[in-house]
There are 2 protein chains.
Amino acid sequence: MSAIEQLTVELGKLPGIGRKTATRLTFHLLKQPRGAVESLARAIQAIVDRIAPCSTCGNFSEADPCSICSDSRRDRSMLCVVEEASDIEAIERSDEYRGLYHVLGGHLSPLDGIGPEDLRIDDLRRRVENGSGLREVIVATNPSMEGEVTATYLRGVLAPLGLRVTRIARGLPVGGDLEYADRSTIAQALVARREMTE
Amino acid sequence: MSAIEQLTVELGKLPGIGRKTATRLTFHLLKQPRGAVESLARAIQAIVDRIAPCSTCGNFSEADPCSICSDSRRDRSMLCVVEEASDIEAIERSDEYRGLYHVLGGHLSPLDGIGPEDLRIDDLRRRVENGSGLREVIVATNPSMEGEVTATYLRGVLAPLGLRVTRIARGLPVGGDLEYADRSTIAQALVARREMTE
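Residues numbered from 1 in each chain as written. Chains lettered and ligands numbered in written order. Predicted model: local features only at pLDDT ≥ 70, side-chain atom pairs only at ≥ 80, totals over all residues. Heavy atoms only, no water.

Undergrad: When you look at the interface of chain A and chain B in this model, what are you seeing that I'm missing?
TA: For an interface, size is often stated in terms of accessible area lost upon the parts coming together. Each partner contributes residues to the interface: chain A has 48 residues there, and chain B has 47 residues. Roughly 4,400 Å² is buried in total at the junction of chain A and chain B, and carbon and sulfur atoms are behind 70% of that figure. In terms of surface lost to chain B, no three residues of chain A exceed Ile44, Ile47 and Phe60 of chain A, which account for 13% of the buried area on that side. Taken together, chain A and chain B are joined by four salt bridges. For Glu84 of chain B, the salt bridge is made with Lys31 of chain A, and the minimal N-O distance between the two is 3.8 Å. The interface formed by chain A and chain B includes nine residue pairs in polar contact (both at pLDDT 80 or more). For the side of chain A that touches chain B, the secondary structure elements donating two or more residues are α1 (3–12), α2 (19–30), α3 (34–50) and α4 (85–93) of chain A. Looking at the side of chain A that touches chain B element by element, the count peaks at 15 residues for α3 of chain A. Looking at the side of chain A that touches chain B residue by residue, the classes come out as 25 nonpolar, eight polar and 15 charged. (Contact = heavy atoms within 4.5 Å. Buried area = accessible area lost by both parts, 1.4 Å probe. Salt bridge = Lys/Arg side-chain N within 4 Å of Asp/Glu carboxyl O. Polar contact = N/O pair within 3.5 Å; in protein donor to acceptor, adjacent residues only side chain to side chain. Helix = DSSP H or I, 4+ residues; strand = E, 2+ residues; numbered from the N terminus. Nonpolar A, V, L, I, M, F, W, Y, C, P; charged D, E, K, R; others polar.)

Undergrad: I keep staring at the environment of Val128 of chain B and nothing clicks. Help me out?
TA: On the secondary structure map, Val128 of chain B appears in helix α5 (residues 121–130). Every residue in contact with Val128 of chain B, bar those within four places of it in the chain, is listed here: Leu79, Leu134, Val137, Leu158, Leu161 and Leu163 of chain B.

Undergrad: Got a minute to help me understand the pattern of salt bridges in this structure?
TA: Two side chains of opposite charge can pair, provided their charged atoms sit close to one another. Applying the stated criterion to the full structure yields 26 salt bridges over all chains. A salt bridge links Glu62 of chain A to Arg50 of chain A, with the shortest nitrogen-to-oxygen separation between them at 2.7 Å. Note that Glu62 of chain A is positioned in the loop between β2 (60–61) and β3 (75–82) and Arg50 of chain A in helix α3, a separation of 12 residues in sequence. Bridged by salt links that share partners, the residues Arg34 and Glu38 of chain A together with Asp49 of chain B form one connected network.

Undergrad: I tried to follow the pairing of strand β5 (residues 136–139) of chain A on my own but got confused; where do I start?
TA: Look at any regular strand and the pattern is simple: side chains alternate between the two faces of the sheet. Residues and elements named next belong to chain A. Residues Glu136 and Ile138 point to one face of β5 and Val137 and Val139 to the other, with burial holding for every one of them. Pairing geometry for β3 and β5, over four bridges, is parallel. Bridge assignment links Leu79 to a residue of β5, and that residue is Val137. Alignment of β5 against strand β6 (residues 164–167), held across four bridges, turns out to be parallel. Residue pairing across strands places Val139 opposite Arg167, the latter belonging to β6. Read as a crossover between parallel neighbours, the route from β5 over helix α6 (residues 145–158) to β6 is right-handed. (Buried < 20%, exposed > 50% of the residue type's maximum accessible area, 1.4 Å probe, protein only. Pairing = 2+ DSSP bridges. Right-handed = clockwise from strand over helix to strand, strands pointing away.)

Undergrad: It is not clear to me how α5 of chain B should be interpreted in this structure. Could you clarify?
TA: One full turn of an α-helix is made of 3.6 residues, so residues set three or four places apart face in the same direction. Residues and elements named next belong to chain B. Along α5, the residues that are buried comprise Ile121, Leu124, Arg127 and Val128. With its buried residues spanning 115 degrees around the axis, α5 presents them on a single face. On the buried face of α5, the contacting elements are β3 (75–82), β4 (99–103), β5 (136–139) and α6 (145–158). (Arc of directions from axis to C-beta.)

This is the structure in structure tokens:
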């Protein structure tokens, strides 16, 4: 396969990029100065060379623990549970939350064969059991069906441990995706979070 | 800047990819296996390491002359002039043309300060003057205003050299872009090409 075909195939594997867009991007890159193309190649290589999940919270990070876990100014009495590391950035943009995070790595989905053992739920339980001063867990899984199922399951796991378990408010459109919500919607959803009850 | 921010910035420079899409692609790549991400980085680096313009026709190629210019089975009596190297792939897909190509590297655009000296028009004239057996030049610039202006200019340059100068038929939607046309439209446009007259 030629280098042009190879790049078109690789770009076509990205989500939302079909064959035509991949071809267009390839020819765009062919017309760029060498330095610009190399910057892109280096930036992609850098994420495998420099980024790894934080062993504490699961966030993508260049340091371990990550900059949030190691930040002494963060409020250690609160833990916000999210599905994906990308959700952390969305919540940080809201400027409404100053606690710690825990990344599950997805949501429960029995139909896809994804059970509690496939998510970082045991790690979460251990963190909560060992976390001195931890008073509240905010469950910020997506407001989708799977996110709600996951939230309910987490409440069952966490409630017996004797701390406040809250659910981010349904200010977000149902069926939506936290990662793409605007910052004020996320801020409002954090403020209006509610106690999780049976 | 962190590796994540750096990659988001680099991806955001690509045409049609805004900040949100760049962020989404970055987090997609963060979740991929190391090998898949390195394949993409390598494929991008390969186009600067392995691809250069063919010194004869201007097509992007790993060899010089390119595989089309050096292919003895191609019809050397015909030369098809295109704006961009990516247009060659579109025409090849039509399976209607077996001659050679010449890439101009753009179109005339006085408003943007792009004149004949900025395109590979002198190279084209030399090729036609020295090309023994060359009988026809098909002008396949885009069916846009700039493409038509460029075609008219080329006719003025080539007609005195005593060979047939044809224009790809306006089967393509006016204002469209050759690169994105479907193969049957391109095939029809090639079949219905017409003599260029004053």
